[in-house]
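This is what each chain is made of:
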Protein chains: 4
Amino acid sequence: MTNHINTLSQRQLKSVQTRNKLLGAARKVFIDQGFQKTTITQIIKDAELGYGTAYVHFKNKDDILIALIEDVMNQFYKIADLPFRPTTKDEAERTIRKQVGSFLELAKQEQRILAVVEEAIGQSPIVQAKWNDIRERFVEGIAKDITYSQENNLAYPDVDPLLAGKGWFYSNEMFLWEITKRDGKMNLEDIVHNLTTMYVRGLYK
Amino acid sequence: MTNHINTLSQRQLKSVQTRNKLLGAARKVFIDQGFQKTTITQIIKDAELGYGTAYVHFKNKDDILIALIEDVMNQFYKIADLPFRPTTKDEAERTIRKQVGSFLELAKQEQRILAVVEEAIGQSPIVQAKWNDIRERFVEGIAKDITYSQENNLAYPDVDPLLAGKGWFYSNEMFLWEITKRDGKMNLEDIVHNLTTMYVRGLYK
Amino acid sequence: MTNHINTLSQRQLKSVQTRNKLLGAARKVFIDQGFQKTTITQIIKDAELGYGTAYVHFKNKDDILIALIEDVMNQFYKIADLPFRPTTKDEAERTIRKQVGSFLELAKQEQRILAVVEEAIGQSPIVQAKWNDIRERFVEGIAKDITYSQENNLAYPDVDPLLAGKGWFYSNEMFLWEITKRDGKMNLEDIVHNLTTMYVRGLYK
Amino acid sequence: MTNHINTLSQRQLKSVQTRNKLLGAARKVFIDQGFQKTTITQIIKDAELGYGTAYVHFKNKDDILIALIEDVMNQFYKIADLPFRPTTKDEAERTIRKQVGSFLELAKQEQRILAVVEEAIGQSPIVQAKWNDIRERFVEGIAKDITYSQENNLAYPDVDPLLAGKGWFYSNEMFLWEITKRDGKMNLEDIVHNLTTMYVRGLYK
DNA sequence: AATGAATGAGACTTCATTCAT
DNA sequence: CATGAATGAAGTCTCATTCAT
């Protein structure tokens with residue numbers, strides 16, 4: 001019985017190793033060639049595996065990228081879900097500044113793979129859907145935060161939470177993409193400072 | 001002699017007609033199928049012309065799209081170059097509101113072809129370069145406007161004109177793309193109002 | 001000792017069970033998808049067994065079908081070997097009618113798997129050989145019956161037993177395939193009656 | 001103007017030549033390898049043409065075979081439509097004998113390509129449909145002939161024209177396939193004689 | 001006996017592009 | 001200028017089969 005289990009897990013182990021080999025090769029090729037130019041053939045060759053092996057583990061190119069970015073995507077969700085319960089304008093600003101900082105920091109850390117993601121968004125409906133989901137989660141979160149701030153008399157009431165949330169996230173997102181495209185040549189602190197200052201001043205009393 | 005000239009211009013006329021036929025067909029197919037799925041073959045068939053004819057007039061698919069959107073691009077340049085010399089915060093707000101309005105109005109008018117452009121930006125380096133040019137023109141213009149406002153003591157001085165300009169344009173741009181994707185279901189006025197209000201309040205004293 | 005024997009036969013039992021599971025799944029998939037579109041992969045999945053398991057029991061797709069239709073093939077052999085010793089034209093007709101009836105009845109009963117067999121005949125040399133064997137057995141049997149009838153002055157002597165046997169069986173066979181293709185929408189009695197009447201009148205005095 | 005027409009027809013000529021080259025190569029490869037084993041790649045290589053060229057002229061493998069057998073198929077239609085207006089049993093027999101003779105003669109002449117057709121019938125729905133069409137045309141024709149003979153009191157009335165027609169054609173068809181499979185080793189005259197004799201005796205008074 | 005991950009040959013198909021007319 | 005037949009590179013994906021456990 002133990003034997004049986006061992007056999008199984010050994011196999012599973014090998015399978016996982018192969019999968020990781022594929023993902024490693026994919027990461028390399030994607031970053032090197034970009035999403036469009038990358039072919040499954042290249043990934044397989046780089047992974048030094050058999051031709052059909054990729055198809056044992058993944059359905060197609062999109063599927064590989066999705067698997068590859070799962071972790072990063074989850075980190076985005078975490079940032080989107082950061083709690084927001086300020087009692088003063090200053091506290092709000094600090095919290096917002098933190099969120100923006102984490103967001104752009106993540107962009108910097110995962111710069112190269114996110115550059116691939118940006119390209120893929122324009123080409124793979126599935127990747128696009130994934131990103132839209134993240135976008136929506138952020139926008140909804142921000143809209144709630146704005147509503148909360150208005151209800152607590154911290155923010156101007158003449159602002160549509162959803163539209164303002166969109167506008168705010170869109171700014172952030174575009175800086176995210178800009179960061180992924182320029183190799184570390186941007187000063188994140190400046191960006192965070194400017195963005196937050198203007199946003200808070202425009203929204204909070 | 002006159003005969004010769006006539007023959008020549010007749011040829012030129014025909015050539016222009018052919019080119020327009022191609023552009024007309026391209027517009028149709030692009031809007032119908034999107035940038036990626038559109039093939040030169042399809043455009044040619046739709047234009048009821050010979051296979052090689054497209055290559056007489058255009059280098060490739062990107063080239064066709066570029067030609068197709070030239071007018072729209074120029075309209076964007078015009079909006080980017082709108083003059084900005086306000087003497088009061090109110091005047092600034094009115095001018096800005098006008099610019100945003102024109103910008104998003106253009107998005108609505110050219111909705112379908114701009115949807116193609118968005119797709120193409122992620123796939124064609126040339127189209128991307130074209131759009132980046134427009135983006136830069138806008139950002140630079142806005143940065144100048146901010147600097148002007150700061151120099152004239154209308155705007156807060158603690159803001160980096162370039163970063164603020166980017167953030168502001170990025171919001172606008174993302175709404176632009178959102179408008180191109182949703183068939184006229186968005187209330188432009190609301191968007192313009194919210195965006196401008198927050199921006200002006202965040203930037204102007 | 002007994003224990004050892006038990007262990008062995010238990011293994012054999014399991015093996016037989018696995019084999020039957022495979023055959024059951026194969027029947028289902030073959031009938032569902034047809035011979036060509038059926039893949040060993042599908043059969044294995046449907047049987048919920050391991051990928052390599054099929055190869056322990058069968059050599060390939062053809063081999064599985066062969067095993068699957070063994071029973072039906074044997075029933076055909078039985079019908080082909082039906083005794084024929086009539087003393088009058090009427091007796092001959094009754095016997096022939098019976099044989100044809102059994103033949104087409106079997107077609108109706110095993111309709112779905114025979115439809116697969118027909119497809120496989122055109123694609124698998126082994127299945128084709130199997131069917132040719134049955135065909136030959138029938139033709140030879142009929143030729144003998146004709147010779148017998150001629151020797152006993154029941155049938156016209158101006159007929160080549162082998163050619164006549166072929167012609168007669170061919171008619172029957174084609175009706176067999178037609179029956180397998182149309183779901184029970186054919187009136188077997190009418191077919192049997194017409195075929196036999198014409199055959200007997202054409203052959204027997 | 002003449003020039004224009006000439007240019008066109010020269011092109012068309014070349015195109016037709018290419019098509020014929022393809023068909024010639026296809027004929028060779030089909031006969032050599034059979035339908036299943038033949039690949040478009042092989043045909044193209046044999047025709048010494050470019051890879052995509054086959055797809056300019058034909059949609060797929062089936063399409064090539066269809067084009068290749070068009071002539072033969074038409075000859076079958078001609079035989080199926082042979083007129084039948086006998087006034088005596090003898091005349092009927094002569095006419096039928098002629099039709100059967102032509103039918104099997106055609107099989108002999110086009111033996112090799114028909115062997116491919118038989119294989120293809122079991123694999124390509126389109127080829128199957130084509131052959132079913134021919135089969136139906138024959139069966140319908142024969143059924144009409146039988147009806148005519150019954151109405152003119154030449155044939156026994158206790159026979160269903162459609163079923164008898166099928167049975168009769170099925171015999172013939174199976175001999176056709178047998179002929180295509182055995183290289184000219186069959187004596188057509190014997191077959192024709194036996195088939196016709198039995199059929200006429202079984203049907204005609 | 002059973003397993004199932006890995007393999008890789010190879011079929012199919014599309015499409016941008018060329019070039020002779 | 002216009003044409004369109006011909007080209008062939010390139011990529012996707014399937015599936016029978018092997019073999020170590």
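Residues numbered from 1 in each chain as written. Chains lettered and ligands numbered in written order. Predicted model: local features only at pLDDT ≥ 70, side-chain atom pairs only at ≥ 80, totals over all residues. Heavy atoms only, no water.

**Student:** Explanation requested: the overall build of chain A in the structure shown.
**Tutor:** Across its full length, chain A carries 9 helices and 0 strands. Ordered by position from the N terminus, the helices and strands of chain A form the series α-α-α-α-α-α-α-α-α. Across its three principal axes, chain A shows a C-alpha extent of roughly 65 × 45 × 25 Å. Within chain A, the proportion of its 205 residues that are buried is 49%. Of the contacts formed within chain A by residues at least 6 apart in sequence, a portion of 75% connects residues at least 24 apart. Put simply, chain A has 28 plus and 27 minus side-chain charges, and the middle of one group is 5 Å from the middle of the other. (Helix = DSSP H or I, 4+ residues; strand = E, 2+ residues; numbered from the N terminus. Buried < 20%, exposed > 50% of the residue type's maximum accessible area, 1.4 Å probe, protein only. Contact = heavy atoms within 4.5 Å. Lys, Arg positive; Asp, Glu negative; His and termini not counted. Charge placed at Lys NZ, Arg CZ, Asp CG, Glu CD.)

**Student:** Looking at this structure, how should I read the protein's contact with DNA strand E?
**Tutor:** Around DNA strand E, the surrounding shell holds 35 residues, and the nearest of these are Arg11, Thr18 and Thr53 of chain A together with Gly52 and Thr53 of chain C. Of all atoms in DNA strand E that approach within 4 Å of the protein, 57% are sugar or phosphate atoms. Residue tyrosine 51 of chain C places a main-chain N or O atom 3.2 Å away from a base nitrogen belonging to DNA strand E. One of the backbone N or O atoms of glycine 52 of chain C is found 2.4 Å from a base nitrogen in DNA strand E. For the surface near DNA strand E, the element with the most residues is helix H1 (residues 2-37) of chain A, which contributes 4 residues. Residue classes in the surface near DNA strand E are distributed as 12 nonpolar, 18 polar and 5 charged. (Near = heavy atom within 4 Å. Polar contact = N/O pair within 3.5 Å; in protein donor to acceptor, adjacent residues only side chain to side chain. Nonpolar A, V, L, I, M, F, W, Y, C, P; charged D, E, K, R; others polar.)

**Student:** How should the pattern of salt bridges be read in this particular structure?
**Tutor:** Pairing is possible between side chains that carry opposite charge, provided their charged atoms lie close to one another. Using the criterion set out here, one finds 36 salt bridges over all chains in the structure. For the salt bridge of glutamate 110 of chain B with arginine 27 of chain B, the shortest nitrogen-to-oxygen distance reads 3.9 Å. Here glutamate 110 of chain B, found in the loop between helix H6 (89-109) and helix H7 (111-121), pairs with arginine 27 of chain B, found in helix H1 (residues 2-37); they are 83 residues apart in sequence, far enough to count as distant. A relative accessible area of 19% places glutamate 110 of chain B in the buried class. For arginine 27 of chain B, a relative accessible area of 34% puts it in the partly exposed group. Taken together, the shared-partner salt bridges connect Lys166 of chain A together with Glu178 and Arg182 of chain B into one network. (Salt bridge = Lys/Arg side-chain N within 4 Å of Asp/Glu carboxyl O.)

**Student:** Looking at this structure, I do not really get the interface of chain C and chain D. What am I missing?
**Tutor:** Many analyses report the size of an interface as the accessible area lost when the parts associate. Taken together, the 32 residues of chain C in the interface contact 33 residues of chain D. Among the residues chain C hides against chain D, the three largest losses belong to Met174, Met198 and Arg201 of chain C. Together they make up 25% of the total. At the surface where chain C touches chain D, the tally comes to 4 salt bridges. Here lysine 166 of chain C and glutamate 178 of chain D are joined by a salt bridge, their closest N and O atoms 2.4 Å apart. Where chain C packs against chain D, one counts 15 residue pairs in polar contact (both at pLDDT 80 or more). Where the side of chain C that touches chain D is concerned, the elements lending two or more residues are helix H9 (161-181) and helix H10 (188-203) of chain C. Looking at the side of chain C that touches chain D element by element, the count peaks at 11 residues for H10 of chain C. (Buried area = accessible area lost by both parts, 1.4 Å probe.)

**Student:** Before we go on, may I ask you to explain the interface of chain B and chain A in this structure?
**Tutor:** Counting residues at the interface gives 32 residues for chain B and 33 residues for chain A. Taking both sides of the interface into account, the surface hidden between chain B and chain A amounts to around 2,700 Å²; carbon and sulfur atoms contribute 57%. The largest contributions to the chain B side of the interface with chain A come from Met174, Met198 and Arg201 of chain B, which together make up 25% of the buried area. On the surface where chain B and chain A come into contact, there are 4 salt bridges. Residue arginine 201 of chain B pairs with aspartate 158 of chain A through a salt bridge whose shortest N-O separation is 2.6 Å. Counting residues per element, the ones that place at least two in the side of chain B that touches chain A are helix H9 (161-181) and helix H10 (188-203) of chain B. If you tally residues by element for the side of chain B that touches chain A, the top one is H10 of chain B, at 11 residues.

**Student:** It is not clear to me how the UniProt feature "domain: HTH tetR-type" (unreviewed entry) in chain A should be interpreted in this structure. Could you clarify?
**Tutor:** What UniProt calls "domain: HTH tetR-type" (unreviewed entry) maps, in this numbering, to residues 16-76 of chain A. Segment residues 16-76 of chain A splits into 84% helix and 0% strand. End C-alpha atoms: 25 Å apart. (UniProt positions renumbered as here; feature names shortened; annotations may be inferred.)

**Student:** Just to check I follow, could you spell out the side chain of asparagine 194 of chain C for this structure?
**Tutor:** As for its position among the elements, asparagine 194 of chain C is in helix H10. Excluding residues within four positions of it along the chain, asparagine 194 of chain C makes contact with Asp158, Val159, Asp160 and Leu163 of chain D.

**Student:** Would you mind going over the UniProt feature "DNA-binding region" (unreviewed entry) in chain A with me for this structure?
**Tutor:** Under the UniProt annotation, the feature "DNA-binding region" (unreviewed entry) is placed at residues 39-58 of chain A. In residues 39-58 of chain A, helix accounts for 65% and strand for 0%; the two terminal C-alpha atoms are 13 Å from one another.

**Student:** Any chance you could explain the relation of the copies chain C and chain D here in plain terms?
**Tutor:** Note that the two copies of the chain are related through a rotation about an axis and a translation along the same axis. Its rotation angle being 179°, the transformation that places chain C on chain D also includes 0.1 Å of axial translation and leaves an RMSD of 0.2 Å. Classification of the inter-copy transformation places it as that of a two-fold axis. Considering only C-alpha atoms, the part of chain C nearest the rotation axis is glycine 202 of chain C, at 1.9 Å. Interface overlap between copies is the fraction of interface residues in one copy that are interface residues in the other; for chain C against chain D it reaches 100%, indicating a shared surface. (Least-squares fit on C-alpha atoms with pLDDT ≥ 70 in both.)

**Student:** Explain the relation of the copies chain B and chain A here, please?
**Tutor:** Placing chain B over chain A gives an RMSD of 0.2 Å and needs a rotation angle of 179°, together with 0.1 Å of translation along the axis. Both copies share a contact surface, since 100% of the interface residues of chain B are interface residues in chain A too.

**Student:** Whenever I open this one, the packing of aromatic side chains confuses me. Can you help?
**Tutor:** Think of a pair of aromatic rings as described by two things: how far the centres are apart, and how the planes are tilted against each other in angle. On inspection of all chains with the given rule, the structure shows 40 aromatic pairs over all chains. Between phenylalanine 138 of chain A and phenylalanine 169 of chain A, the ring centres sit 4.9 Å apart and the planes meet at 20°, which makes this aromatic pair stacked. Separated by 31 residues along the polypeptide, phenylalanine 138 of chain A in helix H7 (residues 125-151) and phenylalanine 169 of chain A in helix H8 (residues 161-181) bring together distant segments of the chain. Classification of phenylalanine 138 of chain A as buried rests on a relative accessible area of 4%. Look at phenylalanine 169 of chain A and you get buried, because its relative accessible area is 2%. Members of the aromatic cluster, joined through ring pairs, are Phe76, Phe103, Trp131, Phe138, Phe169 and Trp177 of chain A. Stacked on the ring of phenylalanine 35 of chain A, the Lys or Arg lysine 61 of chain A has its end atom at 4.6 Å from the ring centre. Across from the ring centre of tyrosine 156 of chain C, 3.6 Å away, lies the NZ or CZ of arginine 201 of chain D, which sits over that ring. (Phe/Tyr/Trp six-rings, centres within 6.5 Å; stacked < 30°, edge-to-face > 60°. Lys NZ or Arg CZ within 6 Å of the ring centre and 35° of its normal.)

**Student:** Looking at this structure, I do not really get the domain arrangement of chain A. What am I missing?
**Tutor:** All names here are of chain A. Per the domain assignment, the segments making up chain A are domain 1 (1-58) and domain 2 (68-203). Placing the centre of domain 1 and that of domain 2 at their C-alpha centroids yields a distance of 33 Å. With 8 residues of domain 1 in contact, the opposing surface of domain 2 contributes 9 residues. Around 830 Å² of area is buried between domain 1 and domain 2 when both sides are counted, 70% of it from carbon and sulfur atoms. Summed over the three residues of domain 1 that lose the most area to domain 2, namely Arg27, Ile31 and Phe35, the buried surface amounts to 64% of that side. Run the count over domain 1 and domain 2 and you get 1 salt bridge. On the surface where domain 1 and domain 2 come into contact, there are 2 residue pairs in polar contact (both at pLDDT 80 or more). (Domains from an automatic or database assignment.)

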